[in-house]
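These are the residues of each chain, in order.
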Amino acid sequence: MSAAVGISRRRFIIDSAVAGGGLAVGLSLPGAVMAVPAAAGASSASALGGSFGATAPGAEVTVWVVVQPDDHCVIRIARTEMGQGTLTGLAQLVAEELECDWAKVKTEFPTPGQSLARKRAWGEMGTGGSRGIRMSEDYVRRGGAAARIMLLQAAATRLGVPGAELAVERGVIRHAASGRSLRYGEVCEAAARLDVPDPRSITLKKPADWKIAGKPLKRLDTAPKLDGSKKFALDLELPGMLYAAIKDCPVFGGKVVSFDETALASRKGVKRVVRVGDTAVAVVADSWWRARSALAALPIVWDEAGFGNRSSATIDALLKDGLDTPNAFVYRNEGDAPAAIAGAVKRIDADYATPFLAHATMEPMNATARVTADRAEAWVPTQNGEGSHASLAEATGLPLDRCEIYKCDPGGGFGRRGGNQDYVRQAALIAKQFPGVPVKLIWSREEDMAHDFYRPISQCRLSAGLDEKGQLAGLQVRLSGQSINAFINPGSVADGRDERQLQGWFEKPGDAQLGYTVPNLRIEYAMRNSHVPVGPWRGVNTNQNGVYMECFMEEVARAAGADPWQFRRRLMANHPKHLAVLDAAAERAGWGKPLPAGVHRGIAQFMGYGSYSAAVAEVSIGTDGHVKVHRLVFALNCGHAVNPHQIAAQVEGSVAYGLSATFYGECTVENGRMVQSNFHDYPIMRMAEMPPVETIVMPSNDFWGGVGEPTICVVGPAVLNAIFAATGRPVRSLPLRKYNLA
Amino acid sequence: MARLNVNGKLRTVEVEADTPLLWVIREQLGLTGTKYGCGVAQCGACSVHMNGELRRSCSIPVGTVKASDRITTIEGLSRNASHPVQKAWAEIDVPQCGYCQSGQIMAAAALLARNKRPTDADIDAAMTNICRCGTYQRVRAAIKLAAGGVKVAGGAL
């Protein structure tokens with residue numbers, strides 16, 4: 001992202017979301033004073049007993065590597081670790097080039113303030129779009145390699161031998177001819193004084209030669225997650241801390257008119273009731289439970305801003321109009337799909353729909369802020385440290401170099417804690433009203449459900465024509481629904497030309513390319529925006545579009561009387577990587593082989609986040625309509641596989657996320673507000689519903705793809721297609737719990 | 001005022017009787033390994049043991065807890081993460097974000113305390129905590145390992 005001092009929060013969000021990861025240009029900070037805000041912040045941060053920022057003692061050889069006299073290597077991680085394993089993967093990549101001892105690797109996260117003060121030495125911090133590794137692998141590996149070269153050079157000088165005569169393994173530098181050796185810790189100070197070699201002059205190792213990267217190593221961050229010692233942002237305690245509970249206008253777009261704080265007069269521990277911007281009210285107390293209880297008892301009058309009459313029914317009608325309108329953005333128009341379909345021997349038509357979905361991270365939104373007249377700090381579970389930084393600056397009115405963010409590993413992110421830093425802004429606005437006092441804002445789960453940036457709602461109309469040989473002659477897709485870009489940056493897609501919503505149907509290779517070649521193809525999008533805020537959501541548009549495309553493809557294959565795997569294969573000759581994962585999943589699953597009575601298979605493939613995914617599901621349906629998923633087989637080509645063990649964990653996680661959406665997920669609107677409020681009416685899949693997952697990681701080693709998100713988009717369609725096989729009826733609207741399959 | 005026996009220590013706290021045990025544990029006692037996830041006993045992030053039984057502390061008013069009730073939080077489950085469940089969790093590399101894992105571990109420990117060799121069906125019935133990262137497959141494998149089973153082949157094929 002690019003950003004400049006004084007830009008608005010909204011502008012910052014646009015840049016971070018649209019420009020994306022490593023494509024970013026350098027940070028331009030006209031007139032900024034390069035103070036080191038972390039220096040001031042470090043003292044208060046360390047008072048927590050936690051460690052925030054790049055503070056480890058030792059010799060900083062390159063910005064990515066600090067070597068300590070006892071040979072520990074501290075690897076700096078700029079991206080967020082929120083469960084996806086990026087911390088371990090990035091450390092593996094640096095350690096591989098550094099040639100250090102993996103058992104002596106530690107990590108730390110530079111702060112956004114430190115990044116600012118050092119002219120963005122660690123590059124992009126934002127972590128979303130499955131970009132954490134693929135968009136920073138090159139420069140972090142070069143940072144590790146540069147440190148190795150410098151350590152070797154320092155050793156060569158110390159030993160008085162040519163560098164070419166030295167070899168290094170696990171942080172021990174050996175001179176074979178003389179039998180002498182030096183440890184990294186012995187030469188780190190000297191190495192740190194050398195000039196850093198030009199990164200472009202460095203030849204990186206070939207993946208075939210990797211010893212640390214590419215291996216199924218355990219995560220580096222597990223131990224404190226086993227005994228309760230890991231401090232999430234929600235767990236922070238500071239001396240004199242106050243606690244805030246917040247309620248934003250339940251009707252999106254509405255405002256606070258008034259509130260009656262005299263109703264709380266007799267409540268213990270309540271310090272004050274404060275307005276937070278135009279839309280929210282917070283109660284600040286000496287404990288969160290007291291704040292939350294008081295807030296629940298606080299009479300608040302809202303201005304619903306005319307949105308109080310909006311409902312799921314009005315939004316569905318809005319989207320239906322988008323299916324019917326002749327005016328839409330025509331994204332792909334190859335051949336003449338309408339004519340091919342009209343002239344087809346057999347025609348298939350279907351309308352599909354998917355609802356709004358909440359992220360429901362396990363750790364609810366929260367942030368702790370401390371604001372004085374000339375300085376602001378915030379402890380934030382964030383996917384986007386620089387976005388948090390900008391939000392803090394904007395909310396407090398202080399320049400960026402007077403603000404600091406201490407990034408806390410989020411208890412889940414899934415896109416909720418990235419581009420939109422609403423909870424940071426709120427914490428700052430509250431803390432500003434208590435100068436010098438740290439205030440911890442915690443959202444209740446109910447607030448979290450009521451004020452998400454939901455996965456966009458959409459409907460999709462698909463039409464296909466089969467020729468006399470049963471081949472797909474034409475395919476037409478009309479997507480109607482809400483646009484993330486339109487919410488974040490309306491001006492960017494004012495004409496409705498928003499390709500992002502068509503993720504998975506892209507023509508160009510490399511990101512989210514459609515894996516089928518259809519002689520006559522037309523892909524259209526009719527933007528229809530409701531008053532409900534939308535945003536990225538793990539896998540976002542590939543999920544909805546994957547259901548539409550792959551479930552419809554199943555309908556078409558069956559209408560053609562063809563095997564669903566083979567029908568797809570015939571359309572994929574021009575897309576060998578898509579085809580390879582489809583074949584791998586089908587073969588591993590034993591496609592075509594007999595199954596136990598009542599068990600049926602479904603297959604799907606789709607592409608997103610630079611990686612190729614396919615899945616086969618085995619499903620049975622009980623006489624009571626209960627769907628049981630017996631097995632899921634995945635094949636994933638993510639280009640390079642930095643840690644196959646963690647990649648498999650992400651695939652398993654994508655199953656839980658994808659099946660929760662498929663079976664249960666639905667946020668509905670009544671009276672302008674969200675109906676669902678907690679896990680009783682927004683159910684999440686649990687252990688008993690988790691099928692055994694088999695993951696084939698099949699890197700082709702010629703590109704860098706994402707891992708955290710790509711496979712979700714095939715979870716739903718594989719299962720839904722198996723249900724279709726079982727019932728003979730397609731499922732065209734989610735979630736499944738609305739259907740009676742008995 | 002309430003008197004609580006938490007992790008073997010008797011503690012006195014000044015709170016309203018309707019305060020959920022979860023928030024007393026977290027804010028008054030400073031034991032933050034026990035998490036807030038939903039507040040309505042749905043997700044299990046707040047799981048603790050009370051007299052050896054698994055309980056969701058977000059829905060227990062502290063006024064109903066007696067000083068004789070023995071409460072164990074994740075911090076008191078073992079010394080140095082030495083409980084078989086914690087060791088199995090480390091071996092299988094279960095956690096992702098880790099936020100729900102205190103609750104998952106407390107639930108698994110309670111299961112194994114009353115059922116030394118749980119079947120898959122037993123695990124399904126007992127392990128109802130929500131994990132949004134989706135660690136369920138590895139939670140299951142770790143429970144089996146902790147129960148004395150062999151390490152199940154996991155990860156990538």
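Residues numbered from 1 in each chain as written. Chains lettered and ligands numbered in written order. Predicted model: local features only at pLDDT ≥ 70, side-chain atom pairs only at ≥ 80, totals over all residues. Heavy atoms only, no water.

Peer 1: Any chance you could explain the pattern of salt bridges here in plain terms?
Peer 2: Residue and element names in this part refer to chain A. Across all of its chains, the model carries 55 salt bridges over all chains by this definition. Of the charged contacts, one joins Glu377 and Arg370 as a salt bridge, the two residues approaching to 3.1 Å between their closest N and O atoms. Residue Glu377 is classed as buried on the basis of its relative accessible area of 6%. (Salt bridge = Lys/Arg side-chain N within 4 Å of Asp/Glu carboxyl O. Buried < 20%, exposed > 50% of the residue type's maximum accessible area, 1.4 Å probe, protein only.)

Peer 1: So what exactly am I meant to see when it comes to the domain arrangement of chain B here?
Peer 2: Size of an interface, as often reported, equals the accessible area lost when the parts are brought together. Residue and element names in this part refer to chain B. Domain parsing of chain B yields domain 1 (2–75) and domain 2 (84–146). Taking only C-alpha atoms, the centre of domain 1 and the centre of domain 2 are 21 Å apart. Opposite the 15 residues of domain 1 that make contact, domain 2 presents 12 residues. In total, about 1,100 Å² of surface goes out of reach between domain 1 and domain 2, with carbon and sulfur atoms giving 60% of it. Its largest share of buried area at the contact with domain 2, domain 1 owes to His49, Leu54 and Ile74, together 39% of the area lost on that side. Put simply, domain 1 and domain 2 have 7 residue pairs in polar contact (both at pLDDT 80 or more) between them. Counting residues per element, the side of domain 1 that touches domain 2 draws most heavily on strand E3 (residues 47–50), at 3 residues. (Domains from an automatic or database assignment. Contact = heavy atoms within 4.5 Å. Buried area = accessible area lost by both parts, 1.4 Å probe. Polar contact = N/O pair within 3.5 Å; in protein donor to acceptor, adjacent residues only side chain to side chain. Helix = DSSP H or I, 4+ residues; strand = E, 2+ residues; numbered from the N terminus.)

Peer 1: I keep staring at the sheet that holds strand E5 (residues 70–72) of chain B and nothing clicks. Help me out?
Peer 2: Within a beta sheet, neighbouring strands are joined by backbone hydrogen bonds and run either parallel or antiparallel to one another. Residue and element names in this part refer to chain B. On the basis of which strands lie adjacent, the open sheet formed by 5 strands has the order E2-E1-E5-E3-E4 and mixed pairing. In this open sheet, the two edge strands, each paired with only one partner strand, are strand E2 (9–13) and strand E4 (53–56). Averaged over neighbouring strand pairs, the angle between their axes works out to 40° when direction is ignored. As paired elements, E3 and E4 share 4 bridges and run antiparallel to each other. From the neighbouring strand, Val48 faces E4, where its bridge partner is Arg55. Where helix H3 (residues 101–114) meets the sheet, its contacts fall on E3, E4 and E5, and the angle it forms with E3 comes to roughly 35°. (Pairing = 2+ DSSP bridges. Axes fitted to C-alpha atoms, helices over the stretch in contact; angles between N-to-C directions.)

Peer 1: Any chance you could explain the domain arrangement of chain A here in plain terms?
Peer 2: Residues and elements named next belong to chain A. Domains assigned within chain A are domain 1 (53–217), domain 2 (233–305 + 365–442) and domain 3 (312–357 + 454–738). Relative to domain 2, the C-alpha centre of domain 1 lies at a distance of 38 Å. Listed by partner, the interface residues are 20 residues for domain 1 and 17 residues for domain 2. For the pair domain 1 and domain 2, the two sides together bury roughly 1,200 Å², of which 53% comes from carbon and sulfur. If you sort the residues of domain 1 by the area they bury against domain 2, Met82, Pro112 and Leu116 come out on top, with a joint share of 40%. Run the count over domain 1 and domain 2 and you get 1 salt bridge. A salt bridge links Glu386 to Arg120; the shortest N-O distance between them is 2.7 Å.

Peer 1: Is there a simple way to think about the interface of chain B and chain A in this case?
Peer 2: At the junction of the two partners, chain B supplies 52 residues and chain A supplies 67 residues. Here chain B is connected to chain A by 5 salt bridges. Put simply, A:Glu652 and B:Arg138 hold a salt bridge, and the shortest N to O gap is 2.8 Å. The interface formed by chain B and chain A contains 27 residue pairs in polar contact (both at pLDDT 80 or more).

Peer 1: So what exactly am I meant to see when it comes to the environment of A:Glu334 here?
Peer 2: Residues and elements named next belong to chain A. As for its position among the elements, Glu334 is in strand E13 (residues 329–334). In contact with Glu334, other than residues within four places in its own chain, are Glu507, Pro519, Asn520 and Leu521. Only 2.7 Å separates the side chain of Glu334 from the side chain of Arg332, close enough to count as a polar contact.

Peer 1: Teacher, can you tell me more about helix H7 (residues 288–296) of chain A here?
Peer 2: In an α-helix, one turn spans 3.6 residues, which is why side chains three or four residues apart end up on the same side. Among the residues of H7(A), A:Trp288, A:Trp289, A:Arg290, A:Ala291, A:Ala294 and A:Leu295 are the ones counted as buried. Elements in contact with the buried residues of H7(A): strand E8 (242–248), strand E10 (270–276), strand E11 (280–285) and strand E18 (439–442) of chain A together with helix H1 (21–28) of chain B.

Peer 1: What is the right way to look at helix H16 (residues 576–589) of chain A in this model?
Peer 2: All names here are of chain A. Taking 1.5 Å as the rise per residue, H16 with 14 residues should run 20 Å; its terminal C-alpha atoms sit 20 Å apart, in good agreement. Those residues of H16 not exposed but buried are His578, Leu579, Val581, Leu582, Asp583, Ala584, Ala585, Ala586 and Ala589. The secondary structure elements touched by the buried residues of H16 are helix H15 (564–570), strand E22 (599–608), strand E23 (611–621), strand E24 (627–637) and strand E27 (693–697). Downstream of H16 by one or two residues, Gly590 has phi in the positive range, about 75°. (Expected span 1.5 Å × (residues − 1).)

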